[in-house]
Amino acid sequence: MPEDNNNRIEEGSVFLEIDHLRKVYITDESQTVAIEDLTLDIKKGELISIVGPSGCGKTTILRMIAGLLEPTSGTITIGGKECSEPGSDRGMVFQDFALFPWRTVRKNVEFGMEVAGVPKEERRERAEKYIELVGLKDFADSRVHELSGGMKQRVGIARAFVNHPDVILMDEPFGALDAQTRNLMQAQLVRILEKTEQTIIFITHSVEEAVFLSDRVVILTKRPATIKEVIDIPWPRPRDRAGPEFVALRKRILEELEKENVMNG
Amino acid sequence: MSTVFGWTYDKHNKNHRMFRKMVIAVTSLVCFMFAWWDISVLANSAAIPTPIDTWNALVNLINEGDTITGRSVWDYIGSSMKTYLSGFGLALLVAIPLGLVIGYFAVVEEFATPVIEILRPIAPIAWAPIFILAIDYTIGPILVVFIGIFFPLLTNVVFGVKEIDTKLIDAARTLGASSSQVFTKVMIPSAVPYIMNGVKIGLGIGWMCIVAAELYAPQLGGIGFYLNEQATAGFWPAAFAAIAIIAVLGLLTTGLAEVIHKKLVNRVGMTSA
Ligand SMILES: Nc1ncnc2c1ncn2[C@@H]1O[C@H](COP(=O)(O)OP(=O)(O)OP(=O)(O)O)[C@@H](O)[C@H]1O
Ligand SMILES: [Mg+2]
């Protein structure tokens, strides 16, 4: 692995702090409180999933961490530095991929390094490595529109991982994929994580996905979102989806979410 | 697959598709010629010559030039082309950057919109006498062509910038792109299909403008001037030959733009705008 931003911070220590975060959307007609007093510490190298009722404010949280949206109050800091602007220290993977259609797979993966002024040779080499890691070696020079949904998202993953950001924000990254592709992608993400120790905040609607991937699962309340419960999952990966522990935990989280939805009316 | 006159058409075969297209296009042109011929005979007016008379006048113009002025057809075409290309080039130079900036910066749009909305509805040709008197007879027609192409091109470029998928901008920013990098590496490439659309529309309008503008600038001696001269003198076949030349030039320019469009779209990897 080339020089990695993350190496400055020790594995397992807190480095991303969300402190009393609050977000109110103000439009001409109405005010929507999306996030209410949300405090959460994220540790270096963990994969933390966020689950919650539809429309509770998950994307809002992620966009604020990315610096694409300003908090109404409260702060988000990485290593003490506030996340007020987007930057290459926080990568993002989008549900609908958001790949640049006029670029090839390789050129998409190189984008972050290109804007950072990384020399061509190094860019190529690093991109090559990540394209291989996500299994798209034979498609490096393909156009994005020639790829299937699963392949597109692998480009999205490579494009974010190749820059070694402090944290990668994934907003329902596999939500647009069919069930089978989705399982394959989850397994592949687990394999990639073994090699990279990348910190990831992962939003999903699938509780099974959250339990399969995460070191911790954050359950949010209905809107305005705040933390209902944080569940540690200290099991090794890859995990057995059919194992009794797995099934029991999945059921418990589903029940918690169910309660939120019932209260939602 | 379907069979016509014992010939089997396969729509997955490129040559078959081309052949089909050509047959239909030629049929269309033949129908047009007959309609023209009919109208010419029925109207029985000198002002509507038959296709054959027009063809003879065209051949004559190409071979002999204009016997009165002593200028060749290429002088006329060359003069018009010069005006046309200058106006077109100027429109590209101004409308594309301006459109990108207007589409990108809300302040610029708010500032520019009132002026644009006042000027846009004015027919380009209305400017011809003003420009030609106020500036001169070479630059005046160029500016008329410029205005004709400028507005449709500008509108398309602005639209292209606004139609951009905001997710792509978010993606670029989270990959570390600065505002100017977002502009050059995201806005411009995604606006290319819209820009080309505007260019294609503008090219046609440019030809409409030039013929009209040349009426006000006889000194230029363009093809529009020739048309007017022949019509005024009652040499209708020659006037129609001039119209035919303008039609062919128009077809050539839009055809060329179509080819460039296909190449560019292919290059940027977008299926369509
Ligand atoms: N730009 C905006 N202006 C006003 N309200 C907004 C805006 N964006 C989101 N909201 C509202 O804020 C709330 C939270 O939205 P958000 O997209 O964060 O939820 P989510 O949990 O990601 O939803 P989903 O499960 O559908 O992905 C919703 O009620 C939404 O309608
Ligand atoms: Mg969402």
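Basis of the calculations
Residues numbered from 1 in each chain as written. Chains lettered and ligands numbered in written order. Predicted model: local features only at pLDDT ≥ 70, side-chain atom pairs only at ≥ 80, totals over all residues. Heavy atoms only, no water. Domains from an automatic or database assignment. Contact = heavy atoms within 4.5 Å. Buried area = accessible area lost by both parts, 1.4 Å probe. Polar contact = N/O pair within 3.5 Å; in protein donor to acceptor, adjacent residues only side chain to side chain. Near = heavy atom within 4 Å. Areas by Shrake-Rupley, 256 points an atom, 1.4 Å probe, with all protein chains shown as cover. Helix = DSSP H or I, 4+ residues; strand = E, 2+ residues; numbered from the N terminus. Axes fitted to C-alpha atoms, helices over the stretch in contact; angles between N-to-C directions. Parallel < 35°, antiparallel > 145°, perpendicular 65-115°, else oblique. Left-handed = near helix turned anticlockwise from the far one by under 90°. Nonpolar A, V, L, I, M, F, W, Y, C, P; charged D, E, K, R; others polar. Buried < 20%, exposed > 50% of the residue type's maximum accessible area, 1.4 Å probe, protein only.

**Observations regarding the domain arrangement of chain B**
All names here are of chain B.
Line of reasoning, step 1. By domain assignment, chain B separates into domain 1 (1-44) and domain 2 (49-268).
Line of reasoning, step 2. Summarising the inter-unit geometry, the C-alpha centres of domain 1 and domain 2 are found 30 Å apart.
Line of reasoning, step 3. With four residues of domain 1 in contact, the opposing surface of domain 2 contributes six residues.
Line of reasoning, step 4. Here domain 1 packs against domain 2, burying approximately 450 Å² in sum over the two surfaces, 80% of which is carbon and sulfur.
Line of reasoning, step 5. Counting the surface domain 1 buries against domain 2, the share from its top three residues, W36, W37 and S40, is 92%.
Line of reasoning, step 6. Taken together, the connections running from domain 1 to domain 2 amount to two residue pairs in polar contact (both at pLDDT 80 or more).

**Remarks on the site of ligand 1**
Residues and elements named next belong to chain A.
Line of reasoning, step 1. Near ligand 1, the surroundings consist of Y25, T27, S54, G55, C56, G57, K58, T59, T60, E172, H205 and R223.
Line of reasoning, step 2. Within the side chain of T59, one N or O atom sits 2.7 Å away from an oxygen atom of ligand 1.
Line of reasoning, step 3. Protein contact buries 63% of the 640 Å² of open area that ligand 1 shows by itself.
Line of reasoning, step 4. When residues in the shell around ligand 1 are grouped by element, the largest group, three residues, is from helix α1 (residues 58-66).

**Overview of the packing of helix α3 (residues 73-104) of chain B against helix α6 (residues 139-162) of chain B**
Residues and elements named next belong to chain B.
Line of reasoning, step 1. Between α3 and α6, the shortest axis-to-axis distance is 7 Å and the interhelical angle comes to 30°. Considered as vectors, α3 and α6 are oriented roughly parallel to each other. As for the relative orientation of α3 and α6, their crossing is right-handed in sense.
Line of reasoning, step 2. Split by residue class, the contact of α3 with α6 holds 24 nonpolar, five polar and one charged.

**Quick notes on the environment of I203 of chain A**
Residue and element names in this part refer to chain A.
Line of reasoning, step 1. Within the element layout of this structure, I203 appears in strand β8 (residues 200-203).
Line of reasoning, step 2. According to the relative accessible area criterion, I203 is buried, its value standing at 0%.
Line of reasoning, step 3. Through-space distance from the C-alpha of I203 to that of D28 is 29 Å; in sequence the pair is 175 residues apart.
Line of reasoning, step 4. Filtering out sequence-adjacent residues up to four positions away, I203 remains in contact with I50, K58, T59, L62, M170, D171, E172 and P173.

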